[in-house]
Amino acid sequence: MASDVRSPSSPIETLRTPTEWAEPKTPLKEQQPNKLNREWGKAVIAEMGKNEEGFREAILQKGLDYSRRNSYSDISERKDPLNGLVKNGGSKRNALLKWCQNKTVGYRNIDITNFSSSWNDGLALCALLHTYLPDRIPYDSLTPQEKRRNFSLAFSAAESVGIPTTLNINDMIQLERPDWQQVMGYVTAIYKHFET
């Protein structure tokens, strides 16, 4: 039987010689270099070298910042602009309310304590927008009794800079306590436009 294993007619492979082991074999497909990707990478690098400043500017225009792109805080602030206002685990509503109070300090007839009744005469919106657009809102000539005028001025000033009006002027005038979520949503849009 031992002679059958070593005979050339045996189905079992004979032992290789040392020179046969030294012959290189073709690597598996996964181990072969990807020539297409390598060539593409060289082309991109060459293009960057020709116009590096233009390339960098194009990337920055797309909103990528080399030093801190895609950091957690940047992503979360893009999703919700109020995340930047919240301190020490407080609520977004309270943080936005505090921001409104700070922005309107010193304005007459303004006492912002909530997102409902504090906004029902339009003066709080006018005061808030006046801090950014003083030429569009003549705050000194406004009175709490002229609700329609106040809201019209506030909405047109906000629309002039691209903030869409999401509040119904008739609801705001008629209701003593407007829907706080709608008011907060509109104030959030103002905050996002001017502060982020």
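Check the entry above for the structure.
Residues numbered from 1 in each chain as written. Predicted model: local features only at pLDDT ≥ 70, side-chain atom pairs only at ≥ 80, totals over all residues. Heavy atoms only, no water.

J.: Where do I start with helix 10 (residues 180–195) in this structure?
T.: End to end, helix 10 covers 21 Å across 16 residues, agreeing with the expected 22 Å (1.5 Å per residue, within 8%). Considered for burial, the residues of helix 10 that qualify are Val 183, Met 184, Tyr 186, Val 187, Thr 188, Ile 190 and Tyr 191. The inward-facing, buried residues of helix 10 contact helix 6 (92–103), helix 7 (123–130), helix 8 (147–160) and helix 9 (169–174). (Helix = DSSP H or I, 4+ residues; strand = E, 2+ residues; numbered from the N terminus. Expected span 1.5 Å × (residues − 1). Buried < 20%, exposed > 50% of the residue type's maximum accessible area, 1.4 Å probe, protein only. Contact = heavy atoms within 4.5 Å.)

J.: Honestly, unusual backbone geometry in this entry has me stumped. Any pointers?
T.: Both trends apply: most residues other than glycine have a negative phi, and most peptide bonds are in trans. At Asn 109, a residue that is not glycine, the phi angle is positive and equals roughly 65°. Topologically, Asn 109 is positioned in the loop between helix 6 and helix 7.

J.: What exactly am I supposed to notice about the packing of aromatic side chains here?
T.: Going through the model one piece at a time under the given rule, you end up with 6 aromatic pairs. A centroid spacing of 4.1 Å and a plane angle of 5° characterise the contact between Tyr 132 and Phe 194, whose relative ring orientation is stacked. Residue Tyr 132 is found in the loop between helix 7 and helix 8, and its partner Phe 194 is found in helix 10; the two are separated by 62 residues along the sequence. Across from the ring centre of Trp 180, 4.5 Å away, lies the NZ or CZ of Arg 93, which sits over that ring. (Phe/Tyr/Trp six-rings, centres within 6.5 Å; stacked < 30°, edge-to-face > 60°. Lys NZ or Arg CZ within 6 Å of the ring centre and 35° of its normal.)

J.: Please explain the packing of helix 7 against helix 8 as it appears in this structure.
T.: How two helices sit against one another is set out by the angle between their axes and by the gap between those axes. Viewed as axis vectors pointing N to C, helix 7 and helix 8 meet at an angle of 35°, and their least axial separation amounts to 8 Å. When the axes of helix 7 and helix 8 are compared, the crossing they make is left-handed. Contacts from Leu 123, Leu 125, Cys 126 and Leu 129 of helix 7 reach helix 8 at Asn 150, Phe 151, Ala 154, Phe 155 and Ala 158. Across the contact of helix 7 with helix 8, the residue classes tally to 8 nonpolar, 1 polar and no charged. (Axes fitted to C-alpha atoms, helices over the stretch in contact; angles between N-to-C directions. Left-handed = near helix turned anticlockwise from the far one by under 90°. Nonpolar A, V, L, I, M, F, W, Y, C, P; charged D, E, K, R; others polar.)

J.: Is there a simple way to think about the pattern of salt bridges in this case?
T.: Charged atoms that come close allow side chains of opposite charge to pair. In this structure the tally under the stated criterion is 1 salt bridge. For Glu 146, the salt bridge identified is with Arg 149, shortest N-O distance 3.8 Å. Note on Glu 146: relative accessible area 35%, which makes it partly exposed. When its relative accessible area of 33% is taken as the criterion, Arg 149 is described as partly exposed. (Salt bridge = Lys/Arg side-chain N within 4 Å of Asp/Glu carboxyl O.)

J.: Would you explain the side chain of Asn 114 in this entry?
T.: Assignment of secondary structure puts Asn 114 in the loop between helix 6 and helix 7. Asn 114 sits in the buried class, given a relative accessible area of 19%. A distance of 2.8 Å separates a polar side-chain atom of Asn 114 from the backbone nitrogen of Ser 116. Among the polar contacts listed, one links the side chain of Asn 114 to the backbone nitrogen of Ser 117, at a separation of 3.1 Å. (Polar contact = N/O pair within 3.5 Å; in protein donor to acceptor, adjacent residues only side chain to side chain.)

J.: What is the right way to read the nonpolar core from this model?
T.: General note: in soluble globular proteins, nonpolar side chains tend to be found buried as a group. Membership of the largest hydrophobic core comes to 39 residues, with the highest contact counts inside it found for Leu 96, Trp 99, Phe 115, Trp 119, Leu 125 and Val 187. Breaking this core down by element, the ones donating at least two residues are helix 6, helix 7, helix 8, helix 9 and helix 10. Sorting elements by how many residues they give to this core places helix 7 first, with 7 residues. Not counting residues up to four positions away in its chain, the partners in contact with Trp 99 are Leu 85, Leu 128, Tyr 132, Val 187, Ile 190, Tyr 191 and Glu 195. (Core = buried A, V, L, I, M, F, W, Y, C linked by side-chain atoms within 4.5 Å.)

J.: Looking at this structure, I do not really get the packing of helix 6 against helix 10. What am I missing?
T.: One can describe the packing of helix 6 onto helix 10 by two numbers: an axis separation of 11 Å at closest approach and a directional angle of 65°. Handedness of the crossing formed by helix 6 with helix 10: left-handed. Along its contact with helix 6, which presents Lys 92, Arg 93, Leu 96, Trp 99, Cys 100 and Lys 103, the element helix 10 presents Trp 180, Met 184, Val 187, Thr 188, Ile 190, Tyr 191 and Glu 195. In terms of residue class, the contact of helix 6 with helix 10 is built from 8 nonpolar, 1 polar and 4 charged.

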